[in-house]
Amino acid sequence: MDIRNKYQKEGQCYFPIKSIDEEFYNYLSEHYKSNDGTTHLRDKYWPGEIEGFRSGFRFDAGDESPVDEFKYTDHNKPFHELELKKNELAKEYKDWDITQIWFYSSVYDDKIRRGRDNIVKYLYDLKDDELISDDKIELTLYNKHCKFQHHTDGPEAGYLCSVVIYLNENYDISRGGLFDGEEQLSPEFGMCMVQDLTEHDFKHGVTEVTSGERYALLSFPMLEGMKGYDN
């Protein structure tokens with residue numbers, strides 16, 4: 001079964017980008033591939049406050065007794081400041097149910113958008129003008145303590161699908177950071193996970209990272225006329 005048939009039958013698919021768009025794969029290899037011990041993506045996308053640039057990290061936790069919830073988002077600070085805050089919160093709320101900790105940064109790269117769009121158009125058999133052209137594409141970074149517990153995005157979110165493109169070469173699965181859905185998958189460079197959000201509501205998450213840095217591109221494409229909840 002080819003990728004499009006599998007996706008249209010099952011509503012999700014994990015596949016090598018090269019099988020759909022080799023030019024996009026080669027561009028990612030040259031500009032976005034991450035290896036352990038390198039920080040070029042972090043240094044580029046978490047530099048602190050720059051006009052037109054949006055970066056930060058997200059932290060959510062809940063406590064059952066008493067029932068309480070804590071949410072924290074921080075923007076446009078240098079990575080070392082965000083990292084200190086992340087570690088402070090992870091320690092302060094270690095006895096709570098921490099639901100998500102991760103870093104994000106906006107990506108403004110026409111070749112990334114074009115490659116992402118090519119994947120979505122192939123899976124849905126769309127024409128060039130059917131996708132909106134200004135949805136957010138974010139680079140995500142998970143390092144020690146970072147995770148995302150099981151959650152669903154679902155049809156009510158108002159998106160066509162979710163697209164996650166993995167950027168770590170020779171990923172060591174023993175340090176966590178696995179895609180955690182119906183099965184656990186390694187976030188290996190050049191692989192992509194797409195989940196339909198019009199008719200499906202898959203539970204998924206990211207297992208806790210114990211060391212190193214895990215990078216992925218995240219986006220929620222929309223058709224013209226759709227309005228995602230955070231737009």
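Residues numbered from 1 in each chain as written. Predicted model: local features only at pLDDT ≥ 70, side-chain atom pairs only at ≥ 80, totals over all residues. Heavy atoms only, no water.

Caption draft 1: Representation of the pairing of strand β2 (residues 55-63). Within β2, seven of the nine residues are buried, which leaves the element mostly enclosed by the surrounding structure. For β2 and strand β4 (residues 97-106), the ladder comprises eight bridges, and the chain directions are antiparallel. Residue pairing in the sheet places Asp-60 in a bridge with Gln-100 of β4. With eight bridges joining them, β2 and strand β3 (residues 68-75) adopt antiparallel strand pairing. When the sheet's bridge partners are listed, Gly-62 is paired in β3 with Glu-69. Hairpin connection of β2 to β3: four residues between the antiparallel strands. (Buried < 20%, exposed > 50% of the residue type's maximum accessible area, 1.4 Å probe, protein only. Helix = DSSP H or I, 4+ residues; strand = E, 2+ residues; numbered from the N terminus. Pairing = 2+ DSSP bridges.)

Caption draft 2: Local environment of helix α1 (residues 3-10). The N-capping residue of α1, defined by a side-chain oxygen 3.3 Å from the backbone nitrogen of Arg-4, is Asp-2. Of the residues flanking the end of α1, it is Gly-11, one or two places downstream, whose phi is positive at about 85°. (Polar contact = N/O pair within 3.5 Å; in protein donor to acceptor, adjacent residues only side chain to side chain.)

Caption draft 3: Spatial organisation of helix α2 (residues 22-31). For α2, the full list of buried residues reads Phe-24, Tyr-25, Tyr-27 and Leu-28. With its buried residues spanning 160° around the axis, α2 presents them on a single face. Seen from the buried face of α2, the exposed residues on the opposite side, beyond 90 degrees, are Glu-23 and Glu-30. Elements in contact with the buried residues of α2: α5 (110-124), β7 (161-166) and β12 (214-219). Sitting at the amino-terminal end of α2 is Asp-21, which places a side-chain oxygen 3.3 Å from the backbone nitrogen of Glu-23. (Arc of directions from axis to C-beta. Contact = heavy atoms within 4.5 Å.)

Caption draft 4: Summary view of the pattern of salt bridges. Counted by the stated rule, this structure contains 16 salt bridges. Three or more residues are tied together by salt bridges with common partners; here these are Arg-58, Asp-60, Glu-69 and Lys-71. (Salt bridge = Lys/Arg side-chain N within 4 Å of Asp/Glu carboxyl O.)

Caption draft 5: How the structure looks around the environment of Val-209. On the secondary structure map, Val-209 appears in the loop between β11 (204-206) and β12. Taking the C-alpha atoms as reference, Val-209 lies 27 Å from Gly-11; in sequence the two are 198 residues apart. Not counting residues within four places of it along the chain, the set of residues in contact with Val-209 comprises Tyr-142, Asn-143, Lys-144, His-145, Cys-146, Arg-175, Gly-176 and Gly-177.

Caption draft 6: Region of interest: the packing of aromatic side chains. Enumeration according to the criterion identifies 17 aromatic pairs in this entry. Ring centres 5.8 Å apart and planes at 50° place the aromatic pair Phe-59 and Tyr-93 in the tilted group. Here Phe-59, found in strand β2, pairs with Tyr-93, found in the loop between α4 (79-92) and β4; they are 34 residues apart in sequence, far enough to count as distant. The class of Tyr-93 is buried, set by a relative accessible area of 11%. Ring geometry for Phe-79 and Phe-103: centres 5.1 Å apart, planes at 40°, overall tilted. Separated by 24 residues along the polypeptide, Phe-79 in helix α4 and Phe-103 in strand β4 bring together distant segments of the chain. According to the relative accessible area criterion, Phe-79 is buried, its value standing at 10%. Classification of Phe-103 as buried rests on a relative accessible area of 0%. (Phe/Tyr/Trp six-rings, centres within 6.5 Å; stacked < 30°, edge-to-face > 60°.)

Caption draft 7: Quick peek at the packing of α2 against α5. One can describe the packing of α2 onto α5 by two numbers: an axis separation of 10 Å at closest approach and a directional angle of 140°. Considering how the two elements wind past one another, α2 and α5 form a crossing that is left-handed. On the side of α2, the interface is formed by Phe-24, Tyr-27 and Leu-28, while α5 contributes Lys-111, Ile-112, Gly-115, Arg-116 and Ile-119. (Axes fitted to C-alpha atoms, helices over the stretch in contact; angles between N-to-C directions. Left-handed = near helix turned anticlockwise from the far one by under 90°.)

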